[in-house]
Amino acid sequence: MHDRIDQAIRNAARNGEGVALAFVDLDGFKLVNDGLGHKAGDELLKVVSERMGACLRRNDTLARFGGDEFVILLPDQGQGQDPKALAPLLEKIRVAVTEPVQVAGQAVQVSCSMGVVMYPRDGLDASALLMNADAAMYRAKDLGSNNFQFYAREMNASVEEKLVLLDGLRQAVQATVDGAGENSFYLLYQPKVDLKSGRIFGVEALLRWRHPEHGVVPPQRFIGLAEESGLIVPIGDWVVRTACRQAQAWREAGLGPITVSVNVSARQFEEARLADRVAAALVDSSLPPALLELEVTESLIMRDLQKSVATMRELKAMGVSLSIDDFGTGYSSLSALKSFPISRLKIDKSFVSDLADNPDDQAIAMAVISLGHKLNLKVIAEGVETEQQCRFLRENECDEMQGYLFSKPVTAKEIAKLVELYVAQPGCCAGLAMAPEEQVVVRAIAA
Ligand code: C2E
Ligand code: MG
Ligand code: MG
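As the structure is a prediction and not an experimental result, all values here were calculated from the model. (Residues numbered from 1 in each chain as written. Chains lettered and ligands numbered in written order. Predicted model: local features only at pLDDT ≥ 70, side-chain atom pairs only at ≥ 80, totals over all residues. Heavy atoms only, no water.)

Visitor: How would you summarise the overall build of the protein if you had to cite specific residues and measurements?
Guide: Of regular secondary structure, the protein possesses 17 helices and 16 strands. On C-alpha atoms alone, the protein measures out to a radius of gyration of 23 Å, which is about the 22 Å that the 2.2 N^0.38 rule sets for 447 residues. Along the longest, intermediate and shortest principal axes, the C-alpha atoms of the protein span 75 × 45 × 45 Å. Of all 447 residues assigned to the protein, the portion counted as buried reaches 51%. Within the protein, contacts between residues at least 6 apart in sequence are counted, and of these 66% link residues at least 24 apart. Total accessible area on the protein is roughly 20600 Å²; 51% of this is exposed by carbon and sulfur atoms. With 47 positive and 60 negative side-chain charges, the protein shows a separation of 3 Å between the mean positions of the two kinds. (Helix = DSSP H or I, 4+ residues; strand = E, 2+ residues; numbered from the N terminus. Rg over C-alpha atoms; globule rule 2.2 N^0.38 Å. Buried < 20%, exposed > 50% of the residue type's maximum accessible area, 1.4 Å probe, protein only. Contact = heavy atoms within 4.5 Å. Areas by Shrake-Rupley, 256 points an atom, 1.4 Å probe, with all protein chains shown as cover. Lys, Arg positive; Asp, Glu negative; His and termini not counted. Charge placed at Lys NZ, Arg CZ, Asp CG, Glu CD.)

Visitor: Give a description of the site of ligand 1 that names residues and reports values.
Guide: The environment of ligand 1 is made up of 23 residues, and the closest members are Arg208, Asn263, Asp325, Glu385 and Tyr404. Interatomic distance of 2.9 Å between a side-chain N/O atom of Arg208 and an oxygen atom of ligand 1. A distance of 2.8 Å separates an oxygen atom of ligand 1 from a polar side-chain atom of Asp325. Within the complex, the protein chains bury 85% of what would otherwise be the 800 Å² of accessible surface of ligand 1. (Near = heavy atom within 4 Å. Polar contact = N/O pair within 3.5 Å; in protein donor to acceptor, adjacent residues only side chain to side chain.)

Visitor: Please set out the coordination of the magnesium ion (ligand 2) residue by residue, giving values where relevant.
Guide: At this site the magnesium ion (ligand 2) is bound by Glu204 (OE), Asn263 (OD1), Glu295 (OE) and Asp325 (OD), with donor distances of 2.0 to 2.2 Å. The motif formed by the donor residues of the magnesium ion (ligand 2), counted along the single chain, is E-x58-N-x31-E-x29-D. If you look at the magnesium ion (ligand 2) and the magnesium ion (ligand 3), they sit 4.1 Å from each other and are both ligated by Asp325. Placement of Glu204 in strand β9 (residues 200-211) and of Asn263 in strand β11 (residues 259-263) is noted, with a sequence separation of 59 residues between them. You can call Asn263 partly exposed: its relative accessible area is 30%. (Donors = N, O, S within 2.8 Å, 3.2 Å for Na, K, Ca; no water.)

Visitor: Requested: an account of the sheet that holds strand β6 (residues 111-119), with residues and values cited.
Guide: Each strand in a sheet pairs with its neighbour through backbone hydrogen bonds, running either in the same direction (parallel) or in the opposite one (antiparallel). If you trace the five strands from one edge of the open sheet to the other, you get β2-β3-β1-β6-β7, paired in mixed fashion. The open sheet terminates on both sides in strands that have one partner only, identified here as β2 (61-66) and β7 (148-150). When the angles between neighbouring strand axes are averaged without regard to direction, this sheet yields 20°. Here helix α1 (residues 2-15) sits on the sheet and contacts β1 (18-27), β2, β3 (69-77) and β6; the angle it forms with β1, its principal contact strand, is near 150°. The strands touched by helix α5 (residues 126-142) are β1, β2, β3, β6 and β7; relative to β6, the strand with the most contacts, the crossing angle is about 140°. (Pairing = 2+ DSSP bridges. Axes fitted to C-alpha atoms, helices over the stretch in contact; angles between N-to-C directions.)

Visitor: Break down the packing of aromatic side chains for me, citing the residues and quoting the values.
Guide: In total, this model carries seven aromatic pairs according to the counting rule given. Consider the rings of Tyr189 and Trp250, whose centres lie 5.1 Å apart with planes at 75°: the pair is edge-to-face. Of this pair, Tyr189 sits in strand β8 (residues 184-194) while Trp250 sits in helix α8 (residues 232-252), and the two are 61 residues apart along the sequence. An aromatic cluster is present here, built from Phe185, Trp209, Phe222 and Trp238 joined pairwise through their rings. (Phe/Tyr/Trp six-rings, centres within 6.5 Å; stacked < 30°, edge-to-face > 60°.)

Visitor: Residues and numbers for the pairing of strand β15 (residues 378-381), please.
Guide: Where strand β14 (residues 344-347) and β15 come together, four bridges link them in parallel fashion. By the bridge assignment for β15, Arg344 is matched with Lys378. Relative to strand β16 (residues 400-401), β15 is paired through two bridges, and the arrangement is parallel. Bridge pairing in β16 links Ile380 to Glu400. With helix α16 (residues 387-395) bridging β15 and the parallel β16, this β-α-β connection has right-handed handedness. (Right-handed = clockwise from strand over helix to strand, strands pointing away.)

Visitor: Now, about the packing of helix α2 (residues 29-36) against helix α3 (residues 38-54): what can you tell me, with residues and values included?
Guide: How two helices pack is summed up by the angle between their axes together with the distance between the axes. Where α2 meets α3, the axes come as close as 6 Å, and the angle between the chain directions of the two elements is 145°. On α3, the residues touching Phe29, Val32, Asn33 and Leu36 of α2 are His38, Ala40, Gly41, Leu44 and Leu45. Taken together, the residues of the contact of α2 with α3 sort by class into six nonpolar, three polar and no charged. (Nonpolar A, V, L, I, M, F, W, Y, C, P; charged D, E, K, R; others polar.)

Visitor: Describe the packing of α3 against helix α4 (residues 87-98), naming the residues involved and giving the relevant values.
Guide: Contact geometry of α3 with α4 gives a least axis separation of 9 Å together with a crossing angle of 155°. Taken together, α3 and α4 sit at an angle that is classed as roughly antiparallel. α3 and α4 meet at a crossing whose hand is right-handed. Contacts from Val48, Arg51 and Met52 of α3 reach α4 at Ile93, Ala96 and Val97. Here the residues of the contact of α3 with α4 sort into five nonpolar, no polar and one charged. (Parallel < 35°, antiparallel > 145°, perpendicular 65-115°, else oblique. Left-handed = near helix turned anticlockwise from the far one by under 90°.)

Right under this line is the structure:
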């Protein structure tokens, strides 16, 4: 295994490519081994490894690392490829492992937790990659096992560092609720554009943390910790309230109806009072419920399908709309999808980035668009950065787009400017000079 990893890294370095590596640990193996004996345990390991092997290509490597731990090496990954593109494969492996196994005359079932890294992004040699994949695997275990996690730098933060970060988060929650302070949260908004008219019909609210020492911290660096600690609940509550108030302020300023979308994390979604909190935010801001959309992910819904659908129905009954974020990277059974009270699918940016010249991504995007339309849903593409991607999406009847091509996430004030400009000159937002917070390029999207 070490030799293969080294070889894959050398090849990748020479060809400017990437290598993916997954650290797999079985959940519940000890129970079988202790309960039914080592022979049964051995049998289970054989069946499970055969199943994992069957999910892989010929060039991939599956190795037993020890005990109930395995390593999967996936060479020949594209340069700078988003690891999320591996999600369908990882999901296939996860499902294959959870199928029941007959051992010692008994049907037993295990699952697996996986941590995933990419060379060169997450480490330059085998030991760094293995160490980081292991840290990501522990994160998967922490999140309840039977899932996979992509490595992020914070996962290796020491307990001490985590405590410091957590303390900072706590203070930021307090300061934000009290209003201002050096250490606080704020929202940026990224326009969502209708591909036919070029009109900004909505925005996605994206959370930022202004840290007194680290500057602006992006959500990927703290959402995980906020989830782990439960702080995501008060933070998420603040996001919904602030986004609703902002959307209402745009309305009152005469900008016309602008839908605001808010990302909801699993922990928030599982809170019994989510619908109540959202209802309160709507009442307090006077925003019509139809102008609020919540973005949820497939994996969030599939954690507890029945309960999720019930919560979604409750929200829908209030008039709030729902969309599925990062569609295509999670795993939702298509028959379940039919029963989701949603109004929009969001094609994940990992399928959009190579849209111009990757036939697989083109096929996936076209399939999602047609699936969405057959289910009477709007389809939006996220992460649109180039004219070619935009053209492909429009030609294939994607309804809407969001991405740097039109605008990066910007402040509420800048959104107002953009919308006013559109009203004055429909479809002509080109070349607008924007405030320097995030360097912004704004282009005309209208056909
Ligand atoms: P997401 O919901 O999928 O949001 C889209 C992300 O893609 C945003 O990153 C956005 O800035 C980025 N993006 C937009 N257009 C482009 C593009 O053309 N190219 C590229 N490369 N990226 C683009 P951001 O703001 O860093 O947010 C990352 C993730 O953090 C979000 O992914 C969402 O899952 C989470 N997040 C953000 N705000 C919140 C929040 O208030 N609550 C929760 N629970 N999660 C949040
Ligand atoms: Mg989102
Ligand atoms: Mg997304």
